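Tertiary structure, described
Listed below are the residues making up each chain.
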Amino acid sequence: MSILKVARMGHPVLRECARPLEVDEISTPRIQRLIDDMFDTMHDSQGIGLAGPQVHESIRLFVAGVDDDEGTMPPVVIINPEITQVGSATEEDWEGCLSIPDIRGQVPRAADIRVQALDRYGKQLSMTANGYPARVIQHETDHLDGVLFFDRMKSFRSLTFLEEYSRYWSSRDE
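Parameters at a glance
- Residues numbered from 1 in each chain as written.
- Predicted model: local features only at pLDDT ≥ 70, side-chain atom pairs only at ≥ 80, totals over all residues.
- Heavy atoms only, no water.
- Helix = DSSP H or I, 4+ residues; strand = E, 2+ residues; numbered from the N terminus.
- Rg over C-alpha atoms; globule rule 2.2 N^0.38 Å.
- Buried < 20%, exposed > 50% of the residue type's maximum accessible area, 1.4 Å probe, protein only.
- Contact = heavy atoms within 4.5 Å.
- Areas by Shrake-Rupley, 256 points an atom, 1.4 Å probe, with all protein chains shown as cover.
- Lys, Arg positive; Asp, Glu negative; His and termini not counted.
- Charge placed at Lys NZ, Arg CZ, Asp CG, Glu CD.
- Pairing = 2+ DSSP bridges.

Looking only at helices and strands, the protein chain features five helices and eight strands. Secondary structure elements of the protein chain, listed N to C terminal, follow the sequence α-α-β-β-β-β-β-β-β-α-α-β-α. For a compact globule of 174 residues, the expected C-alpha radius of gyration is about 16 Å, and the protein chain comes in at 16 Å, within 12% of that figure. Split into buried and exposed, the 174 residues of the protein chain put 48% on the buried side. A separation of at least 24 residues holds for 65% of the contacts in the protein chain among residues at least 6 apart in sequence. When the accessible surface of the protein chain is summed, it comes to about 9,300 Å², and 48% of that surface belongs to carbon and sulfur atoms. For the protein chain, the distance from the average position of its 18 positive side-chain charges to the average position of its 29 negative side-chain charges is 4 Å.

Let us look at unusual backbone geometry. Even without glycine at this site, Q46 takes up a positive phi of about 60°. Inspection of the secondary structure assignment puts Q46 in the loop between α2 (29–44) and β1 (49–51). A positive phi is found at H56, a non-glycine position, where the angle reads about 65°. Within the secondary structure, H56 is located in the loop between β1 and β2 (61–67).

Moving on: the pairing of strand β5 (residues 100–110). Relative to β5, strand β4 (residues 90–97) runs antiparallel, the two sharing seven bridges. The residue bridging E95 from the neighbouring strand is G105, located in β5. Hairpin connection from β4 to β5: two residues lie between these consecutive antiparallel strands. Note: β5 against strand β8 (residues 160–161), two bridges, orientation antiparallel. Within β8, the position partnered with I103 by the bridge is F161.

Mapped onto the elements, R135 comes out in helix α3 (residues 131–144). For R135, the residues in contact, after removing those within four places along its chain, are E91, E92, D93, W94, E95, V107 and R109.

Here it is, written out as structure tokens:
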């Protein structure tokens, strides 16, 4: 497998609306290798999600998964997602991004969502998510629409470098 170069904020690919993948593309060796490389890149970067545009591929595909202090989310491949908010509850919580290294900010997101998508084999995937997994899915889906977490913030007052977040902010959330 390969570690891919992650696009950083300012690269135009992060602001484009990614194209949907055709079902017959999904099973190609190129896309299957890309999925494996994206998981390797995500783990190497200590990320919890990684979208196609973040690795210079303007396609509607992301990988995600985490098992840490923040929460648990089994590894998942999501292609051509359509998200629907379930209920009206929102939650504001901290987010970071591999394309915006060492920065954190508080972002409001839907607390509960329903996802319709395709999996890595092109099969229909239907799931609900809440809390942390819902946040991750919404964050990664935003990348497919050219949206960065800064765009969702109500205020930039919480915007902080990771070092200062660890020093001053994270203890407030415990």
